[in-house]
Amino acid sequence: DTAVSQTPKYLVTQMGNDKSIKCEQNLGHDTMYWYKQDSKKFLKIMFSYNNKELIINETVPNRFSPKSPDKAHLNLHINSLELGDSAVYFCASSQDRTGRGYTFGSGTRLTVV
Amino acid sequence: DQQVKQNSPSLSVQEGRISILNCDYTNSMFDYFLWYKKYPAEGPTFLISISSIKDKNEDGRFTVFLNKSAKHLSLHIVPSQPGDSAVYFCAAYSSGGSYIPTFGRGTSLIVHP
């Protein structure tokens with residue numbers, strides 16, 4: 001019974017397309033996140049939501065738009081995809097905002113061609 | 001600007017021996033530190049943490065040491081097992097800030113039987 005599930009696991013798409021990545025957690029956590037792992041392997045925060053409310057929005061192009069329909073879901077929509085968007089995107093959740101003990105999804109590998 | 005640095009991209013250890021993974025940080029505001037472990041095609045999983053009021057935290061075979069004056073922490077695994085082979089991420093955050101951890105780029109540990 002997966003705690004944080006992301007779909008799809010792999011996504012190959014052409015430049016200029018719009019795509020979405022879905023994330024769901026069944027842990028009852030209040031806070032959810034999107035992280036990007038770039039080619040240099042750094043995990044960088046993109047967004048954080050607490051109880052459906054956006055609390056963190058790092059310097060991310062506005063082509064990226066998170067949507068949280070409820071506390072258990074945080075989807076990531078990306079418009080006009082660019083080659084540089086190729087990366088692994090991880091969704092995560094935590095019980096609160098303290099930054100301790102995140103539960104991560106298994107990642108979505110996005111390849112833009 | 002890498003605020004959390006893991007300067008060794010990889011480490012190879014014999015089964016039964018000690019594995020020592022190192023992490024340095026530059027932000028003196030960081031007061032909480034975490035280690036995550038990641039297997040291929042999976043998301044990182046929380047392993048162990050330490051707050052700046054301590055200099056050591058132990059959990060079974062895993063011990064984290066914190067040297068605040070040197071802005072350095074290390075993860076010791078004793079004894080190392082082949083199942084410990086994974087990428088280990090160091091992370092840190094400031095409880096007076098956003099609570100969002102800043103991650104290093106990871107160290108790949110290989111434990112040989």
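Below is a short write-up of the structure. (Residues numbered from 1 in each chain as written. Chains lettered and ligands numbered in written order. Predicted model: local features only at pLDDT ≥ 70, side-chain atom pairs only at ≥ 80, totals over all residues. Heavy atoms only, no water.)

## Some details on the interface of chain B and chain A
- Each partner contributes residues to the interface: chain B has 20 residues there, and chain A has 21 residues.
- Roughly 1600 Å² is buried in total at the junction of chain B and chain A, and carbon and sulfur atoms are behind 65% of that figure.
- Broken down residue by residue, the surface that chain B buries against chain A is led by I100, F103 and R105 of chain B, which jointly contribute 33%.
- At the junction of chain B and chain A, the tally comes to zero salt bridges.
- Here chain B is connected to chain A by five residue pairs in polar contact (both at pLDDT 80 or more).
- Counting residues per element, the side of chain B that touches chain A draws most heavily on strand β4 (residues 32-38) of chain B, which supplies four residues.
- Residues that form the side of chain B that touches chain A fall into these classes: 13 nonpolar, four polar and three charged. (Contact = heavy atoms within 4.5 Å. Buried area = accessible area lost by both parts, 1.4 Å probe. Salt bridge = Lys/Arg side-chain N within 4 Å of Asp/Glu carboxyl O. Polar contact = N/O pair within 3.5 Å; in protein donor to acceptor, adjacent residues only side chain to side chain. Helix = DSSP H or I, 4+ residues; strand = E, 2+ residues; numbered from the N terminus. Nonpolar A, V, L, I, M, F, W, Y, C, P; charged D, E, K, R; others polar.)

## Section: the layout of surface pockets
- For the largest pocket, the calculated volume is near 660 Å³.
- For the largest pocket, the lining is made up of 26 residues, of which L43, K44, I45 and E58 of chain A together with T102 of chain B are closest to its centre.
- With four residues, strand β5 (residues 43-50) of chain A is the single largest residue contributor to the lining of the largest pocket.
- Within the lining of the largest pocket, the residues separate by chemical class into 14 nonpolar, seven polar and five charged.
- Together, 25 residues line the second largest pocket, and Q37, K41, V88 and R109 of chain A together with K38 of chain B are the ones closest to its centre.
- Looking at the lining of the second largest pocket, the elements that each hand over two or more residues are β9 (87-94) and β11 (108-112) of chain A together with β9 (86-93) and β11 (107-112) of chain B. (1 Å grid on protein atoms, 1.4 Å probe; cavity = no way out; pocket = protein on both sides within 12 Å on 5 of 7 lines; lining within 4 Å. Points joined across faces, edges and corners; volume = space filled by probe spheres on them.)

## Structural notes on unusual backbone geometry
Residue and element names in this part refer to chain A.
- Between T7 and the following residue, P8, the backbone shows a cis peptide bond with an omega angle of 0°.
- Structurally, the position occupied by P8 is in the loop between β1 (4-7) and β2 (10-13).
- Look at K41: it is not a glycine, yet its phi comes out positive at around 80°.
- In this structure, K41 sits in the loop between β4 (31-37) and β5.
- The partly exposed category is assigned to K41, whose relative accessible area is 44%.
- A positive phi is found at S80, a non-glycine position, where the angle reads about 45°.
- Since its relative accessible area comes to 40%, S80 is described here as partly exposed. (Buried < 20%, exposed > 50% of the residue type's maximum accessible area, 1.4 Å probe, protein only.)

## Focus: the sheet that holds strand β7 (residues 64-70) of chain A
All names here are of chain A.
- What the four strands build is an open sheet, ordered β1-β3-β8-β7; its pairing is antiparallel. Of all the strands in the sheet, the pair left with one neighbour each is β1 and β7. Averaged over all neighbouring strand pairs, the angle between strand axes comes to 20°, with direction disregarded.
- Two elements, β7 and strand β8 (residues 73-78), share five bridges in a ladder whose sense is antiparallel. Directly across from P66, in β8, lies its bridge partner L76. (Pairing = 2+ DSSP bridges. Axes fitted to C-alpha atoms, helices over the stretch in contact; angles between N-to-C directions.)

## Observations regarding a nonpolar patch on the surface
- Together, I18, I20 and V78 of chain B line one region of the surface with nonpolar side chains, adding up to about 230 Å² of accessible area.
- Looking at where I20 of chain B falls in the secondary structure, it is placed in strand β3 (residues 19-25). (Patch = residues over 30% accessible without salt bridge, like charges linked within 9 Å, V, L, I, M, F, W, Y side chains within 5 Å. Areas by Shrake-Rupley, 256 points an atom, 1.4 Å probe, with all protein chains shown as cover.)

## Describing the nonpolar core
- Core analysis: the biggest nonpolar cluster contains 23 residues, and F33, W35, L73, L75 and Y88 of chain B have the highest contact counts within it.
- Of all the secondary structure elements, the ones that give two or more residues to this core are β3, β4, β5 (45-51), β7 (62-67), β8 (72-77), β9 and β11 of chain B.
- Here this core takes four residues from β9 of chain B, the largest share from any one element.
- Core analysis: the next-biggest nonpolar cluster, separate from the first, contains 19 residues, W34, F47, F64 and L74 of chain A among them. (Core = buried A, V, L, I, M, F, W, Y, C linked by side-chain atoms within 4.5 Å.)

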